[in-house]
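The lines below spell out each chain.
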Amino acid sequence: MSITVNEAPAPGGYRGVFRVREFRTVFAAHLMSVLGVVVAEIALTVLVFRTTGSPLMSALTFALGFLPYALGGTLLAGVADRRPARRVLVGCDLLCAACAAAMVLPVTPVAGLLALRCAMAFVAPLFQGTRNASLADILGPGDVYVLGRSLMRMVAQSAQLIGFGLGGLLLTVLAPRAAIALTAAGFLCSALLLRFGTRSRPARAAAGRTSPLAGARAVLGDRRLRALTLLLWLPPVFVIAPEALLVPYADGIGAGTAALGVMMCALPVGTIAGELWAGSVLGPRARSRLVVPLAAAGLLPLLAYAFRPGTGAVLAVLLLAGLAHAYTLGLDQWYVEAVPDALRGRAMTLLSTGLMTLQGVGMALAGLAAEFLPVHVVVAGAGVLGTAVVLLLLAELRSAGPREDRPQMPTEE
């Protein structure tokens, strides 16, 4: 499977990425907004539960962080390319800051809190897609971009680990609405950083009206881009099964809450370690060569669940599955090289939308399967089925060959 890559790694590795002033600004803004979202999720869930006393409403509050993704990513994807990136990013941050500030008001009813949560989630895929596309403008589409994307992913993973603990700690000293006020401040700071710390660049595509699905058709209509997109979308659907079912599995093997907490950290810790290794030690060519073997073998550790492993073995399995995620760096390079510049914002928005939506689908399907089958069988089955899917996608990617014709731009409608 051929792909064009640069011979040499980015000068200075991850340190080299931080030498780019604009990236440092985007990185700081990303850290603020991600931590703010995690703290808001915890505080808002607690606030709704204390107000209603309903576990269903509390769970619904958390779910609303995922449900509007598909709708927002579909309807707003065209904005990512047809408006200047800085304007889109700052606008999304200000909207989220306003929503969080409205949540702080004591007069805001529960229905209003849920609606505001939906609004924040609705614009999230547009923000993420625009930011990821603008990284290629800031860093260039080469190896420095790949390492920049990797850093942003690791921040998101680390922020979830740290943010949940930080959010729980904050709620011991602050009321939920006061914690949400910090979220509003975080979004506002992110908006200011992006407005005054990044360059104004023109839109990638001409302004005009297009069908919301036109960008998706342009991306998914190209055989190679479709295979790459699915290869980024579908493995997380299966690898999320052990995480989604970790609580009932831990209960079934008699693991305590302390062991459960450690096991919940294993997969993200492995993912971060794998990306750090690939980004720090390997060059672009080596990362490209590892895409196929790591992607093909990445879900195989889940087969160990067939033997109903104990806590230590589960930790090893989840760490290995996380480490295999290092293939994403090479896949990122293939993807950015395959996407035309004028479609980059829509492609990245579509990618973010699919990732978030399908992970939610994967959680739901794993839970549904566990209603009828033992948990260890469901996770092992996810490893088998997921490996088969990945092998089929890799075969399709090989058949598609290198890109020769770029996908056509969506026509105005």
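Above this text is the structure in question.
Figured I'd write up the structure that's included with this text. (Residues numbered from 1 in each chain as written. Predicted model: local features only at pLDDT ≥ 70, side-chain atom pairs only at ≥ 80, totals over all residues. Heavy atoms only, no water.)

### With respect to the overall build of the chain
Logical step 1: Regarding its fold elements, the chain presents 19 helices and 0 strands.
Logical step 2: Looking at the 413 residues of the chain, the share that counts as buried comes to 52%.
Logical step 3: When the accessible surface of the chain is split by element, carbon and sulfur atoms take 69% of a total near 17600 Å². (Helix = DSSP H or I, 4+ residues; strand = E, 2+ residues; numbered from the N terminus. Buried < 20%, exposed > 50% of the residue type's maximum accessible area, 1.4 Å probe, protein only. Areas by Shrake-Rupley, 256 points an atom, 1.4 Å probe, with all protein chains shown as cover.)

### Describing the packing of helix α4 (residues 69-76) against helix α7 (residues 110-139)
Logical step 1: Look at α4 against α7: their axes get within 7 Å of each other, and the N-to-C directions meet at 50 degrees. By the angle class used here, α4 and α7 are oblique. Note on packing geometry: the crossing formed by α4 with α7 is right-handed. Facing α4, whose interface residues are Tyr 69, Leu 71, Gly 72, Gly 73, Leu 75 and Leu 76, α7 presents Ala 121, Phe 122, Val 123, Ala 124, Pro 125, Leu 126 and Gln 128.
Logical step 2: Along the lines of polarity and charge, the residues of the contact of α4 with α7 split into 10 nonpolar, 3 polar and no charged. (Axes fitted to C-alpha atoms, helices over the stretch in contact; angles between N-to-C directions. Parallel < 35°, antiparallel > 145°, perpendicular 65-115°, else oblique. Left-handed = near helix turned anticlockwise from the far one by under 90°. Contact = heavy atoms within 4.5 Å. Nonpolar A, V, L, I, M, F, W, Y, C, P; charged D, E, K, R; others polar.)

### Focus on a nonpolar patch on the surface
Logical step 1: Residues Val 361, Leu 365, Leu 368, Phe 372, Leu 373 and Val 377 make up a contiguous nonpolar surface patch of about 580 Å² in total accessible area.
Logical step 2: With respect to the helices, strands and loops of the structure, Val 361 is situated in helix α18 (residues 344-370).
Logical step 3: Of the residues examined, Val 361 reaches a relative accessible area of 37% and is grouped as partly exposed. (Patch = residues over 30% accessible without salt bridge, like charges linked within 9 Å, V, L, I, M, F, W, Y side chains within 5 Å. Salt bridge = Lys/Arg side-chain N within 4 Å of Asp/Glu carboxyl O.)

### Quick notes on the nonpolar core
Logical step 1: Core analysis: the largest hydrophobic core is formed by 110 residues, its most contacted members being Phe 23, Tyr 145, Tyr 305, Leu 331 and Tyr 335.
Logical step 2: Ranked by residues supplied to this core, first place goes to α7 with 13 residues.
Logical step 3: Filtering out sequence-adjacent residues up to four positions away, Leu 331 remains in contact with Leu 228, Leu 231, Leu 232 and Val 291. (Core = buried A, V, L, I, M, F, W, Y, C linked by side-chain atoms within 4.5 Å.)

### Quick notes on the side chain of Thr 349
Logical step 1: Mapped onto the elements of the fold, Thr 349 is located in helix α18.
Logical step 2: Of the residues examined, Thr 349 reaches a relative accessible area of 0% and is grouped as buried.
Logical step 3: The contacts of Thr 349, once residues within four sequence positions are left out, are Gly 73, Ala 77, Ala 80, Pro 125, Leu 126, Gly 129 and Thr 130.

### Describing the environment of Leu 94
Logical step 1: With respect to the helices and strands, the residue Leu 94 is situated in helix α6 (residues 85-104).
Logical step 2: Take Leu 94: its relative accessible area is 41%, and that puts it in the partly exposed class.
Logical step 3: Sequence separation of Leu 94 and Leu 188 is 94 residues, and the distance between their C-alpha atoms is 6.2 Å.
Logical step 4: Setting aside residues up to four positions removed in sequence, Leu 94 forms contacts with Leu 188 and Ala 191.

### Some points on the side chain of Thr 353
Logical step 1: Among the secondary structure elements, Thr 353 is positioned in helix α18.
Logical step 2: Given the relative accessible area of 7%, Thr 353 is considered buried.
Logical step 3: Here Thr 349 takes part through its backbone oxygen, which lies 2.8 Å from a polar atom of the side chain of Thr 353.
Logical step 4: If we ignore the near neighbours within four places in the chain, the residues touching Thr 353 are Tyr 69, Ala 70, Gly 73 and Pro 125. (Polar contact = N/O pair within 3.5 Å; in protein donor to acceptor, adjacent residues only side chain to side chain.)

### Regarding unusual backbone geometry
Excluding glycine, most residues fall at negative phi; most peptide bonds, likewise, are trans.
Logical step 1: A positive phi is found at Arg 308, a non-glycine position, where the angle reads about 50 degrees.
Logical step 2: Its place among the elements puts Arg 308 in the loop between α15 (284-297) and α16 (311-323).

### Let's talk about the pattern of salt bridges
Logical step 1: A complete count under the given rule lists 7 salt bridges for this structure.
Logical step 2: We note a salt bridge from Arg 344 to Asp 137, for which the minimum N-O separation is 3.1 Å. With Arg 344 in helix α18 and Asp 137 in helix α7, the pair connects residues that are 207 residues apart, well separated along the chain.
Logical step 3: Residue classification places Arg 344 among the buried residues on the basis of a relative accessible area of 7%.
Logical step 4: A relative accessible area of 32% places Asp 137 in the partly exposed class.
Logical step 5: Residues participating in the shared-partner salt-bridge network are Arg 149, Arg 153, Glu 275 and Asp 332.

### Structural notes on the packing of aromatic side chains
Logical step 1: Taken as a whole, this structure holds 4 aromatic pairs when the rule is applied.
Logical step 2: Of the aromatic side chains, those joined through ring pairs into one cluster are Phe 18, Phe 23 and Phe 27.
Logical step 3: Over the aromatic face of Phe 196 sits the side chain of Arg 195, whose NZ or CZ is 5.1 Å from the ring centroid. (Phe/Tyr/Trp six-rings, centres within 6.5 Å; stacked < 30°, edge-to-face > 60°. Lys NZ or Arg CZ within 6 Å of the ring centre and 35° of its normal.)

### Concerning the environment of Val 104
Logical step 1: Its place among the elements puts Val 104 in helix α6.
Logical step 2: For the pair Val 104 and Ala 181, spaced 77 residues apart in the sequence, the C-alpha separation amounts to 6.1 Å.
Logical step 3: Beyond its immediate chain neighbours, meaning those up to four positions away, Val 104 contacts Arg 177, Ile 180 and Ala 181.

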